[in-house]
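The chain contents come next:
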Amino acid sequence: MNRLQTASNYWRGKMAAPEEQELSQAQTEKLLQFQDLTGLESMDQCRRTLEQHNWNIEAAVQDRLNEQEGVPSVFNPLPSRPLQVNTADHRVYSYIVSRPQPRGLIGWSYYMIMLPFRLTYYTLLDIFRFALRWVRPDPRGRVTDPVGDVVSFIHSFEEKYGRSHPVFYQGTYSQALNDAKRELRYLLVYLHGEDNQDTDQFCRSTLCTEEVMTFLNTRMLFWACSTSRPEGYRVSQALRENTFPFLAMIMLKDRKMTVVGRLEGLIQSEDLLNQLTFIMEANQTYLMSERLEREERNQTQVLRAQQDEAYLESLRADQEKDRRKREEQDKVQAEEEKVRQTVLAEERRRRTLDEEKERKSECLPPEPPADDPDSVKIVFKLPNDTRVERRFLFQQSLTVIYDFLFSLKETPEKFQLVTNFPRRVLPCLPTEEQPNPPSLKEAGLSRSEVLFVQDLTDD
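Residues numbered from 1 in each chain as written. Predicted model: local features only at pLDDT ≥ 70, side-chain atom pairs only at ≥ 80, totals over all residues. Heavy atoms only, no water.

(A) Seen up close, the overall build of the protein. When helices and strands are tallied, the protein shows 13 helices and nine strands. Buried residues in the protein amount to 37% of all 459 residues. Per element, the accessible surface of the protein, about 28800 Å² overall, is 51% carbon and sulfur. (Helix = DSSP H or I, 4+ residues; strand = E, 2+ residues; numbered from the N terminus. Buried < 20%, exposed > 50% of the residue type's maximum accessible area, 1.4 Å probe, protein only. Areas by Shrake-Rupley, 256 points an atom, 1.4 Å probe, with all protein chains shown as cover.)

Below, the structure is given as structure tokens:
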């Protein structure tokens, strides 16, 4: 199954609700083409974008590219209020080219003959338009796809006049104003009146000449749109042109975008360049002032950022110093706590050992009398050269001897009993091989013995 069939099946599943409409094959193809051009993964987002642009794929792609370049979408405008252009400045330079007056008897005769027809035509046209507005509001008043309006005008301009023209700004009027303000550049706005008799000659003999193209492409941003389209009509209502062709020079002046020059009528290329140069030179000081002021603001921001960075660096150094100090304190406290726990553990161990010695002492059998024939007299030599003497019975286990020595305070914590000659270690404690230690008699002890207590604590 190819991608087209897959997309069609996908939208048939999505369009289960009765109020939704199934996509046509042409719309599905545009949907897949738009997804390939933009790289969007969500089919729902691709469809919403195309629907916003009335399925104009070129306008939709252009709007998507503007968003990727950081320019806000016309359907997702910034929450801040759009830029307002000051058109009420009385110091605006205005240059109007009037149509040439008729010359000679023939010229005036033709003019006078055609005058009533022209007056009648334009009067009836105005009356018709006025009446039509009462019946049906002007559709140009609703701007739904400003980017599409601009892109569509550019395509129609290229179809009629060719691709040799100044670089048109491919975005909305508001985006052009924002870019001109951000870059501190002049913005030249051209309103294209399709019905005006001078428009065609202006585009061919003035706007598309090599010297005009070079001048505009290197000196300013150039935005244009037809007044027959909603976006161009909206701009014409804002700039209030009197006649066509109409050009308006806009720049940042006194911290707001201001119209500083208006050129109206059929103007020749050389005259256009002279007028634009005059407007730019007359307002160069304002632009330089804005650039200097912005540079000062940028330097102030850089200085403030450096100060903030230095403060943060100092703060980080202080925090690092405090952290190391806390770590040292925590380390000392941890060592002190470790020593304290060691001391407590040693105290607990000693207390447990003393309790065990006392319990062993209480469990010892009584010492037999000296005249008991089964008694054994043993002299124990302790590691500290102390001698201890006690009697035991032959039938008693070696464990009794070990418990007796363990109960003494002088005896090491770990020890073993060793005979003198021949030297051997007595098995006093049970082991896996000998769980029951032997008796004194089985161990081969005589009625009088000397046993050495060997300290095993270090081992």
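(B) Representation of the packing of helix H9 (residues 210-219) against helix H11 (residues 269-282). For the pair H9 and H11, the least separation of the axes is 10 Å and the interaxial angle reads 20°. The angle between H9 and H11 falls in the class roughly parallel. Helix-helix and strand crossings are classified by hand; for H9 and H11 the assignment is left-handed. Contacts between H9 and H11 pair Glu211, Val212, Phe215, Leu216 and Arg219 from the former with Ser269, Leu272, Leu273, Leu276, Thr277 and Met280 from the latter. Residue composition of the contact of H9 with H11, grouped by class: seven nonpolar, two polar and two charged. (Axes fitted to C-alpha atoms, helices over the stretch in contact; angles between N-to-C directions. Parallel < 35°, antiparallel > 145°, perpendicular 65-115°, else oblique. Left-handed = near helix turned anticlockwise from the far one by under 90°. Contact = heavy atoms within 4.5 Å. Nonpolar A, V, L, I, M, F, W, Y, C, P; charged D, E, K, R; others polar.)

(C) Structural view of the nonpolar core. Within the largest apolar cluster, 54 residues are counted, with the highest numbers of intra-cluster contacts made by Leu187, Val189, Tyr190, Leu216, Phe222 and Trp223. Ranked by residue count, the leading element in this core is strand E4 (residues 246-253), at seven residues. With sequence-adjacent residues up to four places away left out, Val189 is seen in contact with Tyr173, Trp223, Val235, Leu239, Phe246, Leu247, Ala248 and Ile250. In terms of nonpolar packing, the next biggest core, distinct from the first, is built from 26 residues, Ile378, Phe380, Val400 and Tyr402 among them. (Core = buried A, V, L, I, M, F, W, Y, C linked by side-chain atoms within 4.5 Å.)

(D) The arrangement of the pairing of strand E7 (residues 387-393) in detail. Across seven bridges, strand E6 (residues 375-381) lies against E7 in antiparallel orientation. Counterpart to Phe380 in the pairing with E7 is Val388. (Pairing = 2+ DSSP bridges.)

(E) Representation of the packing of aromatic side chains within the structure. The full count for this structure, using the stated rule, is twelve aromatic pairs. Their ring planes at 85° and their centres at 6.2 Å tell us that Phe380 and Phe392 sit as a pair that is edge-to-face. Pair noted here: Phe380 is in strand E6 and Phe392 is in strand E7, with a separation of twelve residues, a long-range link. Between Phe380 and Phe404, the ring centres sit 5.9 Å apart and the planes meet at 40°, which makes this aromatic pair tilted. Residue Phe380 is found in strand E6, and its partner Phe404 is found in helix H13 (residues 398-406); the two are separated by 24 residues along the sequence. (Phe/Tyr/Trp six-rings, centres within 6.5 Å; stacked < 30°, edge-to-face > 60°.)

(F) Spotlight on the side chain of Ser226. Note on placement: Ser226 falls in strand E3 (residues 220-226). Within the structure, the side chain of Ser226 is placed 2.8 Å from the side chain of Ser228, a separation counted as a polar contact. (Polar contact = N/O pair within 3.5 Å; in protein donor to acceptor, adjacent residues only side chain to side chain.)

(G) View of the sheet that holds E3. Strand order in the open sheet formed by five strands is E1-E5-E4-E2-E3, and the pairing between neighbours is mixed. The strands lining the two open edges of the sheet, one partner per strand, are strand E1 (93-96) and E3. Strand-to-strand, the axes of this sheet are offset by a mean angle of 20°, without reference to chain direction. Where strand E2 (residues 186-192) and E3 come together, seven bridges link them in parallel fashion. Within E3, the position partnered with Leu188 by the bridge is Phe222. Along the sheet face, helix H8 (residues 199-207) touches E2, E3 and E4 and points at about 140° away from the line of E2. Against the sheet, helix H12 (residues 284-363) engages E2 and E4, with an angle of about 35° to E4.

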